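What follows is the residue order along each chain.
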Amino acid sequence: MSEELSQRPSRQAGKKEKMSKEAIEQSIEPQLSYWPIVLAAAIIVMLIGLVIHPIIMIIGVVLTVAAIIGWGLERR
Amino acid sequence: MATRTVVEGVGVARRKRLSETYIGAWLMTTDHKKIGIMYIVTAFFFFLVGGTEALLIRTQLAVPNGKVLSPEQYDQVFTMHGTTMIFLFVMPMLVGLGNYIVPLMIGARDMAFPRLNAFGYWIVLFGGLFLTSSFLFGQAPDAGWFSYAPLTELTTNCGPTAVECNAGLNMDFWALGILLLGISSISGALNFVVTILKLRAPGMTVNRMPLFTWMTLITSFLLLFAIPSLTAAAVLLLLDRHLGTHFYQAGFGGDPLLWQHLFWSFGHPEVYILILPAFGIISEVVPVFSRKPIFGYTFVAWSGVAIGFLSFTVWAHHMFAVGLPLIAQAFFATSTTLIAIPTAVKIFNWVATTWQGKLSLRPPMLFALGFIAMFLIGGLNGVALAVVPFDYQMTDSYFVVSHLHYVLFGGTAFGVFAALYYWFPKMSGRMLGERLGQLQFWLMLIGVNLTFFPMHILGLLGMPRRQYTYPANLGWNELNLLATIGAFTLAVAMLVFIWNVIVSLRSGKEAGGDPWDAFTLEWDTTSPPQPYNFLVVPTVRSRRPFFDKKNPEIADWKTPVH
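Residues numbered from 1 in each chain as written. Chains lettered and ligands numbered in written order. Predicted model: local features only at pLDDT ≥ 70, side-chain atom pairs only at ≥ 80, totals over all residues. Heavy atoms only, no water.

Considerations on the interface of chain B and chain A
With 28 residues of chain B in contact, the opposing surface of chain A contributes 24 residues. A combined buried area of about 2300 Å² lies between chain B and chain A, and 81% of that area is made up of carbon and sulfur atoms. Of all residues in chain B, Met28, Arg115 and Tyr532 of chain B give up the largest surface area on contact with chain A, accounting jointly for 29% of the area buried on that side. Where chain B packs against chain A, one counts 1 salt bridge. Here arginine 115 of chain B ties to glutamate 74 of chain A by a salt bridge, and the two come within 2.6 Å at their closest N and O atoms. Summed over the shared surface of chain B and chain A, the result is 4 residue pairs in polar contact (both at pLDDT 80 or more). Going through the elements one at a time, helix H1 (22-27), helix H4 (114-132) and helix H5 (170-198) of chain B are the ones with two or more residues in the side of chain B that touches chain A. At 10 residues, H4 of chain B tops the list of elements feeding residues into the side of chain B that touches chain A. Split by residue class, the side of chain B that touches chain A holds 19 nonpolar, 4 polar and 5 charged. (Contact = heavy atoms within 4.5 Å. Buried area = accessible area lost by both parts, 1.4 Å probe. Salt bridge = Lys/Arg side-chain N within 4 Å of Asp/Glu carboxyl O. Polar contact = N/O pair within 3.5 Å; in protein donor to acceptor, adjacent residues only side chain to side chain. Helix = DSSP H or I, 4+ residues; strand = E, 2+ residues; numbered from the N terminus. Nonpolar A, V, L, I, M, F, W, Y, C, P; charged D, E, K, R; others polar.)

See below:
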């Protein structure tokens, strides 16, 4: 019994160390974001619209502005 | 079902979010390593596209009076070959290698702006697809990769203000594609500059940075200063084509030479953008496979800086034949000859590094040595072109085609394959096959010389560039056929590489963290590295921090020069 009790603090300390390493790893891993691909697609739509039709260009401009705002407001 | 749901607890499951799926993780990644891999894979895809275009060119030119392509198709194919290879293969490939390796090399956890990094990649992919889709409309760009005005001025505006009427969108695809790719280049360059200047590990002064990092930094500054010139040129072209301006039209007070000055102000720094990272790759590979530190680190680093500055002073050597004043021709001839000096310094330093080294002729080193030999040939015929009277005869001939392919294929492409063989184990955890690597190297070495050496002679015999065919009585037949055989030899070499990659990914030898016993920090990680690179950011005391860690008794920081 006393052995179990004496083991508990070191097991708990080991668990704490392992968790904090995992927590550290999670905090420094790269975060995901969809705004880069959305902004890239919006810019393409805008430039295609420059050649094909002004309406498509205007849609592209709106999407681009929205993507830039979304990018800026994203919490990191 | 198991791949679409996440179990959150006993009896509790939910559908996976996009970010938790395999494809979603790649679409939304901001990890420099994943972005680097995407750049490399995309660039290699476009390399195959550009290579196919090259094979079409060579097939058309294999025999006189060829009928494989019509003149219009030929114009589109050679234009897209150049545009694809430069903007969609070499640049993204070098950015991809830099993306993967530079943060690891400097002890950083990621690039300074991870989302901007991802954005740069997606713009390249969408821009490349946009540009290549022009073939589907039968309107691929057709005025050469440097798109000289006034040929590119043909517009849809019929009437007294237009030179001619042409409903084609060919050059609009080119101009818009270039604008898009310029956005990616600027964003990537900015990211590299900030990352390298601000995120180096403690103790890593600029004097201790790996040379690949040095060259990437210089290249990034070149991009920041050169791309705006191209952007301005492309915007003015679009204004001329669609809004009735006359920037490049001599008949209306404009000047076609304005295009050439603006383009080559970008174009010449651009060729150093295409080669400097390859110099950096060679500067990493040669020391490791010679088992010695690089000879003359300071000279190699600062000669790169000298090349960077001088590259902005030589642009008009592409324009010797347009009627520039003699004083201008003399200036540009001098600056062009001068820029050969820092380049030669590098070659001497690489050769000196191998001197009395313990050479290991593994595939990365084979490609590095091949680079040195082939780039030397390209450099020498380039210096010949700096001599103005010689250039008067050789400009726009196959001599120039030979020069540019020796430096870009014999140079950069060999450097790229040296990098891929060197760093593939780090990226994938597997070694690429040695025997297949050696086979690829020898096929490439034979192929590049068979394809491009005869072009020296073709140029001297008077064969112009961008001719879709030639008559049989000019003495060009056998040399063209040789060049075509060489091109197909290169194609076989690429198939060998693709097979090597497929087999190695499936069942290649496991690489471990440090298969080459290398010197720099990227090898002090697992293969592939953890998402966060370094749990503990290392402290650096010399130019070979990982060598020091493995060999503390003979660490570089114990000798005064470091």
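Notes on the pattern of salt bridges
Residue and element names in this part refer to chain B. One pass over the structure, following the stated rule, counts 11 salt bridges over all chains. Note that lysine 550 is salt-bridged to aspartate 517, the shortest N-O span being 2.7 Å. One end of the pair, lysine 550, is in helix H15 (residues 545-550); the other, aspartate 517, is in the loop between helix H14 (477-507) and H15, and 33 residues separate them in sequence. Residue classification places aspartate 517 among the partly exposed residues on the basis of a relative accessible area of 38%. It is possible to trace a salt-bridge network through shared partners that takes in Arg291, Asp514, Asp517 and Lys550. (Buried < 20%, exposed > 50% of the residue type's maximum accessible area, 1.4 Å probe, protein only.)

Section: unusual backbone geometry
Residue and element names in this part refer to chain B. Cis peptide bonds are those with omega within 30 degrees of zero, and the linkage from alanine 149 to proline 150 qualifies with 0 degrees. Along the polypeptide, proline 150 turns up in the loop between H4 and H5. Phi at arginine 291 takes a positive value of approximately 60 degrees, unusual for a residue other than glycine. The topology assignment puts arginine 291 in the loop between helix H7 (256-290) and helix H8 (297-310). Judged by its relative accessible area of 31%, arginine 291 is partly exposed. With phi around 55 degrees, aspartate 517 is a residue other than glycine that occupies positive phi space.

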